[in-house]
Amino acid sequence: MRFRVLGPTQVLLADGREIAPGGPRLRALLALLVLDAGRVVSAERLIDGLYGEHPPRGAANALQSLVSRLRQALPAEHTPVEFHPAGYRLAVDPADVDAYRFERLAEVGRRALAGGDWPRAAAVLREALELWRGPALADVIDVAGVPAQAARLDELRLAATEDRIEAELALGGHAELVPELRQLVVAHPLRERSRGQLMRALSAQGRPAEALAEFEDARRGLAEQLGVDPSAALAAIHLAVLRGAESPAGPRGGDSFAGPRGGDSFAVRPTVEPGLPSQLTTFVGREEELTRVRALLGERRLVTLTGPGGAGKTRLAIEAAGRSDGEVCFVELAGLADGSDVPQAVLSALGLRDAGLRAPAEPGRQSTDRLVEALAERRLLLVLDNCEHVVADAARLAARLLGACPALRVLATSREPLGLAGEALCQLSGLTLPPPDASTEQADDYAAVSLFVQRAADVAPDFTVTPANVDVVLRICRTLDGLPLAIELAAARLRALPVAEVAARLDDRFRLLSMGSRAASPRHRTLRAVVEWSWDLLDEAERILARRLTVFAGGATLEAAGRVSGLPSAEFVDALSGLADKSFVELSGGRYRMLETVRAFCAERLAEAGEADELRRAHTAYFLELAWTASDHLRRAEQLHWLRRLDAERDNLHAALRRATAAGDASEAAGLVAALSFYWWLRGMRGEGARLAADVLDVLGAEAPPGLGEEFALCVYNAALAGAGHLPSLGTQGSVIRSLDRPPRQPFLLYLSGISTGPPPGGADDVEELMRELRRLVGPDVWINALGAMGHGTAQMWGGQSDRAGAALATALDGFRSTGDRWGSMITLGALGELAAWHGDPEAAGDHMKQAMGLAEELGSAVDQADMLRTRGEIRLRAGDLAAARDDFAGALLLAQGSGAPEFVSAARLGLAQVARLRGDLAETRQLCEAALAGGLTGWYVGEATRSEIILLLQQITEEEKAGAASRPGAPPSADGA
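Residues numbered from 1 in each chain as written. Predicted model: local features only at pLDDT ≥ 70, side-chain atom pairs only at ≥ 80, totals over all residues. Heavy atoms only, no water.

A.B. asks: Looking at this structure, how should I read the overall build of the chain?
C.D. replies: On a plain count of helices and strands, the chain comes out with 44 helices and 13 strands. The buried share among the 978 residues of the chain stands at 52%. When contacts within the chain are restricted to residue pairs at least 6 apart in sequence, those whose partners lie at least 24 apart make up 68%. Surface summary for the chain: the accessible area is close to 42300 Å², and the carbon and sulfur share equals 51%. (Helix = DSSP H or I, 4+ residues; strand = E, 2+ residues; numbered from the N terminus. Buried < 20%, exposed > 50% of the residue type's maximum accessible area, 1.4 Å probe, protein only. Contact = heavy atoms within 4.5 Å. Areas by Shrake-Rupley, 256 points an atom, 1.4 Å probe, with all protein chains shown as cover.)

In structure tokens, the structure reads:
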């Protein structure tokens, strides 16, 4: 299928037939998905887009219904709308969306234009513009978020039109373009590029008077509406017309207004000012930062680019200065050994001499006076590059000059700010990186990958990103944090190594990336030299803290960094502030992070200091304490806050667990597994948790070590979640409870043991006895007693004691609600929904499931969302609503697959098989059943119960096949026994 939004929303089949997507709401949903084709769009964004600031009650269910209707409106053999834990995705190639194709063609055309390939530029841009059928997203323009997207696309369309006209002007098409340009000028009277093109076209036809009239009209309009004069570019075209130039030159794409050299053409200004170093390579990425720096230079007089070594501060400063109006002076400070030489370096860069001055009594004073005299009335942008090692002297000079020279602006680059009043900072880090699921086509659109590819092509001309190597290229760029210098050094290695070898050797990045440009300064020649330069600028306390911070994975909060580093409070705060100022750490979202390259260097210093083991133990102790604290809060009303806190610390928690396991610290490793068990379940991380727990079991052995009975049991249950191999047997749930000599520190153990081993063989009576034992053990613990009541009620429900089941489940729900636990309330509501459906009360069942689904969405628990969807699917199946049941089972399948929950995967396929059987499709029923049996069902009670149902269904359809049921039209089986 092809999707079109450059005009009214359309869906076309390969043969050109159009599919009607439905009413306004469905078209709006489709448009929102199309605009992010191939990427997951969160449910929140879709709800905001469809309903605005005031969505209706049950908006999530309404969205799911709309998605189901949209899937039904599209051909069944395609079904491109996919459900994901984070939202929905239109699973199509972006190349099948006209907006994506337009943007790619427009970019190709722009590059051809910039390279002087006029015929190709004109042809490609015409092809791009022919995709438009009217205003973008014309029939859904009132949907929230769409106007901004439509405006962006319309702006790109206008820019592409101007690029196409530029190419055609270069090809001599002046006469044909005048009518179109007049229309553009009328539609966009303040757009100077179109006006300049019209002036050039008229002048080239021998109509200079009309060209001058166009300039006068533009000047008057700009003055009246904006109070500004025409830009230098438009004024230059005006001057060329006045001088009688036969073919005034214009821009070569974009809106730089820089024209070609030679002949009768002119340029508004050189691409790079004479005062700036010429560059041998293309400038890649940093468009957003470049825009920000240019805007800051227009508003502020002191702008400082900060960031770690190798981030590209110097190159960005050169590019920004090259695009500024007026005179520029570039001063390189890296080679200075003494800060007192800074004023003399500026004098030298300006071409000024001290001749006529007496020998200075105070070093540097008279040089500064000379600078003040020279710059007092001069309009100049002074670029001070690499200030970090002379930052105090550079700051003093900048303050003196800015105070005495009102027309002066300063653009500085440094690994720490100058620290002056009025200083505007622009922090640089790595170049933009693609998301983990980026395709080959998408990857090249991100600056880090684009830089790698361009520099790789310099040494290996045939190198391109392909489906075979895209993952390797992405790994290189991510491992190097997107740092331009590191990426360029890695790309240079492709001269001798395959790209896969470069990626494989990045564990020893400082050895691998040790051959840079011979023309570069020594501190920029290798990756190690870049970081060593910054390290040498740290004081002793900063070095101690920097090496100790490397124990963290994924950054650290202020509290964690202070506790683990072990520095005295005042010394710690000063050192951390210094590291942040000097770009050794970055503060983002309340967390302090190190770039991986900096972290790798500082980790070497930690090992050299002999502190690695001590810091590992301190890190493990801190996060073990945090995990147990969070575990208690996860059963209370504040569980959402603590879930987010654990999410932020997930890398640290898992790093602590892996390190404790590798070191053989059984108590700490098993304690972390126990403390994190409920969190893993709530976040649908069963697969990762199972692998971590299995590794800990290798340390613990086949039996529980003394004092670790509960932790051992939780390791076994977690390892079993993903169908791990042979595991120690723990017996029944009763034997697990009786083995405890105290209330479990991790009460979730009781739930895991129940769903693992199943109910006692005696049914509800045995459950009741088990409940009495549990109450004797735990006493008045509300949450544990609510969990027991839920298990008791479920057993009674399956035993046919509906009234007693309802009472027990109501008690459980009251208990969970009193503690504020959404998870327990959700599971209990799901059971009450099933019970209501069995009683033939669909309204009550629907209400219970609606509440349960709402809680599952609040929690963001993929496993539980899968379970609730499957439960609701069974209720709908019993009610005979096959289409809705199928959607629920399909959604449950996707969630369970992404969560590593094999028994829920099989249960969802079983549900789909039941739907297929009731529709009379026995072949699909068998296929789904066989897939469910092969789906990794574990030895869990839940898995075994699902296996039994699947085998029973296979026997039923075998009998129906033998009886010829599949060949009798109109006689599918009844839903009564589904």
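Now, onward.
A.B. asks: Where do I start with the sheet that holds strand E2 (residues 10-12) in this structure?
C.D. replies: What holds strands together in a sheet is hydrogen bonding between their backbones, with the strands either parallel or antiparallel. Pairing is antiparallel across the open sheet formed by three strands, whose spatial order is E1-E2-E3. Pairing within the sheet leaves two strands with one partner each, and these edge strands are strand E1 (2-4) and strand E3 (18-19). When E2 meets E3, the two strands line up antiparallel, connected through two bridges. In the sheet register, Val11 faces E3, and the bridge partner there is Ile19. (Pairing = 2+ DSSP bridges.)

A.B. asks: Please explain the packing of aromatic side chains as it appears in this structure.
C.D. replies: How two aromatic rings sit relative to each other is given by the distance of their centres and the angle of their planes. Taken as a whole, this structure holds 13 aromatic pairs when the rule is applied. Ring geometry for Phe748 and Trp823: centres 5.6 Å apart, planes at 75°, overall edge-to-face. On the criterion of sequence distance, the pair formed by Phe748 in helix H34 (residues 748-757) and Trp823 in helix H38 (residues 822-838) is long-range, its members being 75 residues apart. Taking the relative accessible area as the measure of exposure, Phe748 reaches 1% and is therefore buried. (Phe/Tyr/Trp six-rings, centres within 6.5 Å; stacked < 30°, edge-to-face > 60°.)

A.B. asks: Explain the sheet that holds strand E5 (residues 81-84) to me, please; I cannot follow it from the model alone.
C.D. replies: Ordered in space as E4-E6-E5, the three strands form an open sheet in which the pairing is antiparallel. Two strands in the sheet have a free side with no partner beyond their single neighbour: strand E4 (40-42) and E5. In this sheet, neighbouring strand axes are inclined to one another by 30° on average, regardless of whether the strands run parallel or antiparallel. Summarising the sheet, E4 and strand E6 (residues 87-90) pair through three bridges and their orientation is antiparallel. Within E6, the residue paired with Ser42 across the bridge is Gly87. Along the sheet, helix H1 (residues 24-34) makes contact with E4, E5 and E6, crossing E6 at roughly 80°. (Axes fitted to C-alpha atoms, helices over the stretch in contact; angles between N-to-C directions.)

A.B. asks: How should I be thinking about helix H8 (residues 192-204) in this particular structure?
C.D. replies: An α-helical turn contains 3.6 residues, so any two residues separated by three or four positions project in the same direction. Helix length check: H8 (13 residues) gives 18 Å between terminal C-alpha atoms against 18 Å at 1.5 Å per residue, within 8%. Listing the buried residues of H8 in full gives Arg193, Ser194, Arg195, Gly196, Gln197, Leu198, Met199, Arg200, Ala201, Leu202 and Ser203. Of the residues flanking the end of H8, it is Gly206, one or two places downstream, whose phi is positive at about 80°. (Expected span 1.5 Å × (residues − 1).)

A.B. asks: Got a minute to help me understand the pairing of strand E9 (residues 380-385) in this structure?
C.D. replies: Within a regular strand, the side chains alternate between the two sheet faces. In terms of burial, E9 is largely enclosed, as six of its six residues are buried. With six bridges joining them, strand E8 (residues 327-332) and E9 adopt parallel strand pairing. Residue pairing for E9: Glu332 is matched across the bridge by Asp385.

A.B. asks: In this structure, what is going on with the side chain of Thr925? I would like to understand it.
C.D. replies: Within the fold, Thr925 resides in helix H43 (residues 922-933). For Thr925, a relative accessible area of 0% gives the class buried. Within polar-contact distance, the side chain of Thr925 engages the backbone oxygen of Ala913 at 3.4 Å. If we ignore the near neighbours within four places in the chain, the residues touching Thr925 are Ala913, Ala916, Arg917, Leu953 and Ile957. (Polar contact = N/O pair within 3.5 Å; in protein donor to acceptor, adjacent residues only side chain to side chain.)

A.B. asks: What is the right way to read the confidence of the model for the chain from this model?
C.D. replies: In regions of low pLDDT, the predicted coordinates are not meant to be interpreted in detail. On average, residues of the chain carry a pLDDT of 80, and 86% of them reach 70 or more. Low pLDDT, under 50, characterises residues 246-274; the predicted model gives this stretch 68 contacts beyond four residues in sequence or across chains. A low-confidence stretch, residues 355-365 stays under pLDDT 50, and its non-local contacts, those more than four residues away or across chains, total six contacts. (pLDDT = per-residue confidence, 0-100.)

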